[in-house]
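Structure at a glance
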Amino acid sequence: MVNKNTLFGLLLIFIPISIAGSFLHWDGTIVFLSACLAIVPLAGYMGEATEEIAVVVGPNIGGLMNATFGNATELILAYVALKSGLIDVVKATITGSIIGNLLLVMGVSMFLGGLRYKEQEFQPITARLNASAMNLAVVAILLPTAVQYTSAGVGEAVLQRLSVAVALVLIFVYCLSLLFSMKTHTYLYEVGVADLDEDPGEGVKIEMPNLWLWVAVLFVVTIGVAVESELLVETLEEATSELGLSTLFTGVILLPIIGNAAEHATAVTVALKNKMDLSVSVAVGSSMQIALFVAPVLVIAGYFIGQPMDLDFNPFELVAVAVAVWLANSISNDGRSNWLEGMLLLATYTVLALAFYFHPVTS
């Protein structure tokens, strides 16, 4: 069976292929698909480098690094799209990352983990706290849209200022959540930061990672993600047209799967080891970071680079996010999971994906 590292190693071949395709002016679809596949291992190595650095620098700085770089791939990809003026794609990617983590990642983890273990447990207190944070995120992205649809004559400038103000509130809440999980209530999250590997046992010396090696790896793969994101965004419109996909479907379904592939693999792997606390933490934590950090940062960045992005989302995207948050919260509220609950999450994700695929393109 091919393990994750072997697969990532094989996918690295798409980095030179995508770059060569861009310089040689190959068909846009080939460059687009190559860039998509190239981002997957880069995102994986970025996550691995962050974890290794966190081991050396200690739990506080390490936790902050994990929180900061946890969705760096999605942030870089979305920023490149924002800089190119593809604001609808950026919004769709935010929506897709939230519903993908809550429904697809958690669904696969609970389903496969439930096939191996009859019932798996995780901390319900943490699940409820995460649920409250996600409810805030839904309210935050719902209200600017509600203002737009219920008030006549609301200009783009007003909506932009409202979105920036809401973004600042969300970032403040995100900082408070870091303080809560890393300082005042660390005991609630101790299981969630457990080692992915088995305990080596007493008397076994654990070798510390080479800090500067992993810092160099993090620097190189970050540049790689930025380059591949540029290639992906440059060929996005041509490729989606040739593949018969709408930009809405591409942003909500395709791009989040690519950006989150490494986290998906991690969540499923630890679920198969009966560490559902960590699996749920990866899935829900990633959604929280997208909603409370990545989306607000993009709103503020757009304000300063002259690409005004607001929190006025497509109403159908809001429905999808609300459904995902509600179902994930209801299933995780009791701190237990089984394969059927995982299948319910996957079925919901499939229905939403089909709805986005058939959703008519609007100007």
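For every chain, the first residue of the written sequence is number 1, and numbering continues from 1 along that sequence. The model is predicted, so local features are restricted to residues of pLDDT at least 70 and side-chain atom pairs to those at 80 or more, both for listing and for counting; the totals for chains, interfaces and linings are taken over all residues. Heavy atoms throughout the structure, all of them, feed into the side-chain values; hydrogens and water do not.

**Brief notes about the overall build of the protein**
Secondary structure assignment for the protein yields 15 helices and two strands. Burial analysis of the protein (363 residues in total) assigns 49% to the buried set. Should any heavy atoms of two residues lie within 4.5 Å, those residues are considered in contact. Sequence-distant contacts in the protein: of pairs separated by 6 or more residues, those separated by 24 or more amount to 86%. Roughly 17,300 Å² of accessible area belongs to the protein as shown, and the carbon and sulfur atoms make up 67% of that amount. Secondary structure counts use DSSP, requiring at least four H or I residues in a row for a helix and at least two E residues in a row for a strand, with both numbered from the N terminus. A 1.4 Å probe rolled over the protein chains alone gives each residue an accessible area, and that area as a share of the maximum for its type sets the label: buried under 20%, exposed over 50%, partly exposed in between. Only the protein chains shown count as covering a residue, and every accessible area follows the Shrake-Rupley method with a 1.4 Å probe.

**What to know about the environment of Ala167**
Relative to the helices and strands, Ala167 is located in helix α8 (residues 156–184). As for Ala167 and Asp310, which are separated by 143 residues in sequence, their C-alpha atoms are 9.4 Å apart.

**Some words on the side chain of Asn101**
With respect to the element layout, Asn101 can be found in helix α6 (residues 87–116). Of the residues examined, Asn101 reaches a relative accessible area of 0% and is grouped as buried. Among the polar contacts listed, one links the side chain of Asn101 to the backbone oxygen of Ser97, at a separation of 2.7 Å. Residue contacts for Asn101: discarding those within four places in its chain leaves Met106, Asn260, Glu263, Ala283, Ser286 and Ser287. By the criterion applied in these results, polar contacts are pairs of N or O atoms within 3.5 Å in which, for protein atoms, one can donate a hydrogen and the other can accept it, and in which residues neighboring in sequence qualify only through two side-chain atoms.

**A few points about the packing of helix α3 (residues 28–57) against helix α5 (residues 72–83)**
Each pair of packed helices gets described by two things: the angle between the helix axes and the distance between those axes. Note on geometry: axes are C-alpha line fits, over the in-contact stretch for helices, and angles between N-to-C directions span 0 to 180 degrees. Remark: α3 packs on α5, axes separated minimally by 9 Å, with the N-to-C direction vectors making an angle of 130°. Classified by the angle between their axes, α3 and α5 sit oblique to one another. Mapping the contact onto sequence places Ile39, Ala43 and Met46 in α3 and Ala72, Thr73 and Ile76 in α5. Following the grouping adopted for this structure description, the nonpolar residues are Ala, Val, Leu, Ile, Met, Phe, Trp, Tyr, Cys and Pro, the charged ones are Asp, Glu, Lys and Arg, and the polar ones are all others, Gly among them. Considering only residue class, the contact of α3 with α5 consists of five nonpolar, one polar and no charged. Under this scheme an angle from 65 to 115 degrees is roughly perpendicular, one under 35 degrees roughly parallel, and one over 145 degrees roughly antiparallel; angles in between are oblique.

**Structural notes on the side chain of Ser286**
Considering the arrangement of structural elements, one finds Ser286 in helix α13 (residues 276–305). With sequence-adjacent residues up to four places away left out, Ser286 is seen in contact with Asn71, Asn101, Asn260, Glu263 and Ser281.

**Quick notes on the pattern of salt bridges**
Each reported salt bridge corresponds to a side-chain nitrogen of Lys or Arg within 4 Å of a carboxyl oxygen of Asp or Glu. For the structure on display, the rule yields four salt bridges. Between Lys83 and Glu230 there is a salt bridge; the shortest N-O distance is 3.2 Å. Here the residue Lys83 occupies a position in helix α5, and Glu230 occupies one in helix α9 (residues 211–234), the gap between them amounting to 147 residues. For Lys83, a relative accessible area of 43% translates into the label partly exposed. The salt bridge partner of Arg336 is Glu121, with a shortest N-O separation of 2.9 Å. Residue Arg336 is found in strand β2 (residues 336–337), and its partner Glu121 is found in strand β1 (residues 120–121); the two are separated by 215 residues along the sequence.

**Looking at empty space enclosed by the protein**
Of the grid points, spaced at 1 Å and generated over the protein atoms alone, those admitting a 1.4 Å probe that cannot get out make up cavities, while open sets with protein on both sides within 12 Å along at least five of seven lines make up pockets; any residue with an atom within 4 Å of a point is treated as lining. Grid points are joined across faces, edges and corners, and a volume is the space filled by probe spheres set on the points. For the coordinates displayed, the defined rule picks out one cavity of 30 Å³ or more. Mapped onto the lining of the largest cavity, the elements with two or more residues apiece are α7 (124–150), α13 and α14 (315–332). Here the residues of the lining of the largest cavity sort into six nonpolar, three polar and no charged.

**Quick word on α7**
One fewer than the residue count of a helix, multiplied by 1.5 Å, yields its expected span. Given a rise of 1.5 Å per residue, 27 residues ought to cover 39 Å, and the 37 Å separating the end C-alpha atoms of α7 matches this to within 8%. Within the span of α7, buried status applies to Thr126, Ala127, Asn130, Ala131, Ala133, Met134, Ala137, Val138, Ala140, Ile141, Pro144 and Thr145. On its buried side, α7 packs onto α6, α8, α13 and α14.

**Overview of the confidence of the model for the protein**
Should the pLDDT be low somewhere, the predicted coordinates at that spot are not to be read in detail. Known as pLDDT, the predictor's confidence for each residue is given on a scale from 0 to 100. When pLDDT is averaged along the protein, the result is 83, and 90% of the positions lie at 70 or above. Per-element averaging of pLDDT across the protein places helix α4 (residues 59–69) at the bottom with 62 and helix α15 (residues 339–358) at the top with 94. Per-residue pLDDT stays below 50 along residues 192–199; that stretch engages in 12 contacts with residues further than four places along the chain or on separate chains.

**Structural notes on the nonpolar core**
Most often, soluble globular proteins keep nonpolar side chains buried together rather than apart. Definition used in this section: a nonpolar core is a set of buried Ala, Val, Leu, Ile, Met, Phe, Trp, Tyr and Cys residues joined via side-chain atoms within 4.5 Å. One finds Ile94 and Leu102 to be the most contacted residues of the largest nonpolar core, which totals 100 residues. Among the elements that make up this core, the one with the highest residue count is α13 (16 residues). Not counting chain neighbours up to four residues away, the residues in contact with Ile94 comprise Ile290, Ala295, Leu298, Met309 and Phe313.

**A look at the environment of Ala291**
Along the polypeptide, Ala291 turns up in helix α13. For Ala291, a relative accessible area of 7% translates into the label buried. Distance from Ala291 to Val138, taken between C-alpha atoms, is 8.4 Å for residues 153 residues apart in sequence. Ala291 has contacts with Ile98, Met134, Ala137, Leu170 and Pro296, leaving out every residue within four places of it along the chain.

**With respect to the packing of aromatic side chains**
Pairing of aromatic rings covers Phe, Tyr and Trp, the last through its six-membered ring, and needs centres within 6.5 Å; plane angles under 30 degrees mean stacked, over 60 mean edge-to-face, and all others mean tilted. Following the criterion strictly, the structure yields six aromatic pairs and no others. Between Phe249 and Tyr357, the aromatic rings sit 5.4 Å apart at their centres with planes inclined by 80°, giving edge-to-face as the arrangement. Taken together, the positions of Phe249 in helix α11 (residues 247–259) and Tyr357 in helix α15 put the pair 108 residues apart, joining distant regions of the chain. Centroid distance Tyr357 to Phe358: 5.1 Å. Interplanar angle 90°. Geometry classified as edge-to-face. Three or more aromatic residues joined by ring pairs form one cluster here, namely Phe249, Tyr357 and Phe358.

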